[in-house]
Amino acid sequence: MALRYILEKEDPQLRKHSRPVTDFNPRLHTLLDDMRETLEHANGYGLAAPQVGVLRRAVIVLDNEKEDKPFSEQVIELINPEIVSFEGEQDGPEGCLSVPGVYGMVKRPMKVTIKAQNRNGQEFTMTREGITARCFCHETEHLEGKLFTDIASRILSDEELEEMAKKEEEEAKKEKEAKH
Ligand code: NI
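Summarised in this report is the structure supplied together with it. (Residues numbered from 1 in each chain as written. Predicted model: local features only at pLDDT ≥ 70, side-chain atom pairs only at ≥ 80, totals over all residues. Heavy atoms only, no water.)

### What to know about the side chain of Asn80
And then number 1: Residue position: Asn80 is located in strand E3 (residues 75–87).
And then number 2: A polar side-chain atom of Asn80 sits 2.9 Å from a polar atom in the side chain of Gln117.
And then number 3: Asn80 has contacts with Pro20, Val21, Phe24, Arg57, Lys115, Ala116 and Gln117, leaving out every residue within four places of it along the chain. (Helix = DSSP H or I, 4+ residues; strand = E, 2+ residues; numbered from the N terminus. Polar contact = N/O pair within 3.5 Å; in protein donor to acceptor, adjacent residues only side chain to side chain. Contact = heavy atoms within 4.5 Å.)

And the structure:
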């Protein structure tokens, strides 16, 4: 496994349409393994193949139903993903490893059902809510060359970011205390 370089906002590759995966071969498996390592290293919540310069329809997303499991078990691999249905609405801050340090308010469905293939080509359907549903939308949009900054209703200010970081810190602290 190896870390891959994550392309940033201005890179034209991020604006291209990705092609379907047709070969479920060792090369795909290496790509997915590298994406896992890269996502964990970058401390992100999702990653799409075009972000590492591969214009193929493959993404990984963390599963919020497995938050207490080790990282490797949290990763959902979605090959040729397609959102088949969605319901509800959530409006919240969203970021992207390709747009470091920037967060914007983005409206997404609360619950999303996605159809995809696994790394061996087997089809499956999965429904998730909250942040994982948000990621299903965000990552599949990367495959169309879209970034969250295209659709954010507004970008958060430095003060708001500070407040968000503070809140996260407090929550982490609370969680730590609860575990003692
Ligand atoms: Ni992204």
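And the narrative resumes.
### So, helix H1 (residues 26–42)
Since the α-helix packs 3.6 residues into each turn, any two residues three or four apart lie on the same face.
And then number 1: Here H1 contains 17 residues, and its C-alpha end-to-end distance of 24 Å stays within 8% of the 24 Å for a straight helix at 1.5 Å per residue.
And then number 2: Considered for burial, the residues of H1 that qualify are Leu28, His29, Leu31, Leu32, Asp34, Met35, Arg36, Thr38 and Leu39.
And then number 3: At its buried positions, H1 is contacted by strand E1 (46–48), strand E2 (58–62), helix H2 (71–74) and E3.
And then number 4: Of the residues trailing H1, Asn43 is marked for its positive phi of about 60°. (Expected span 1.5 Å × (residues − 1). Buried < 20%, exposed > 50% of the residue type's maximum accessible area, 1.4 Å probe, protein only.)

### What to know about the pattern of salt bridges
And then number 1: Evaluation of the coordinates by the stated rule reveals twelve salt bridges.
And then number 2: For Arg36, the salt bridge is made with Glu77, and the minimal N-O distance between the two is 2.8 Å. Residue Arg36 is located in helix H1, and its partner Glu77 is located in strand E3; the two are separated by 41 residues in the primary sequence. Per residue, the accessibility class of Arg36 equals that of Glu77, and both read buried. (Salt bridge = Lys/Arg side-chain N within 4 Å of Asp/Glu carboxyl O.)

### Comments concerning the coordination of the nickel ion
Under ideal tetrahedral coordination, the four donors around a metal are separated by 109.5 degrees; under ideal octahedral coordination, the six donors are separated by 90 or 180 degrees.
And then number 1: Those donors, Cys96 (SG), His138 (NE2) and His142 (NE2), are the protein atoms that reach the nickel ion, and they lie 2.1 to 2.3 Å from it.
And then number 2: Site description for the nickel ion: donor spacing in sequence, C-x41-H-x3-H. Placement of the pair is His138 and His142 together in helix H3 (residues 130–142), with a separation of four residues, close to one helical turn.
And then number 3: Overall, His138 belongs to the buried group, its relative accessible area being 6%. (Donors = N, O, S within 2.8 Å, 3.2 Å for Na, K, Ca; no water.)

### Examining the state of the cysteines
And then number 1: Tallying each qualifying case throughout the model produces zero disulfides.
And then number 2: Cys135 supplies the cysteine sulfur nearest to Cys137, a cysteine that is in no disulfide, at a spacing of 9.0 Å.
And then number 3: What makes Cys137 buried here is its relative accessible area of 7%. (Disulfide = S-S within 2.5 Å.)

### Considerations on the nonpolar core
And then number 1: Counting 16 residues, the largest nonpolar core has Met35, Leu47 and Ile60 as its most contacted members.
And then number 2: Contributing elements (two or more residues each) for this core: H1, E2 and E3.
And then number 3: No other element matches the five residues that H1 contributes to this core.
And then number 4: Residues contacting Met35, with those up to four places away along its chain left out, are Leu47, Ala48, Ala49, Val52, Ala58, Val59 and Ile60.
And then number 5: Within the second largest apolar cluster, 14 residues are counted, among which are Ala48, Val61, Cys137 and Leu143. (Core = buried A, V, L, I, M, F, W, Y, C linked by side-chain atoms within 4.5 Å.)

### Examining the pairing of E2
And then number 1: For E2, a buried count of five out of five residues is recorded, marking the element as mostly surrounded by other parts of the structure.
And then number 2: What you see with E2 is no split at all: Ala58, Ile60 and Leu62 on one side and Val59 and Val61 on the other are buried throughout.
And then number 3: Pairing between E1 and E2: three bridges, direction antiparallel. Counterpart to Leu47 in the pairing with E2 is Ile60.
And then number 4: Pairing between E2 and E3: five bridges, direction antiparallel. The residue bridging Ala58 from the neighbouring strand is Ile79, located in E3. (Pairing = 2+ DSSP bridges.)

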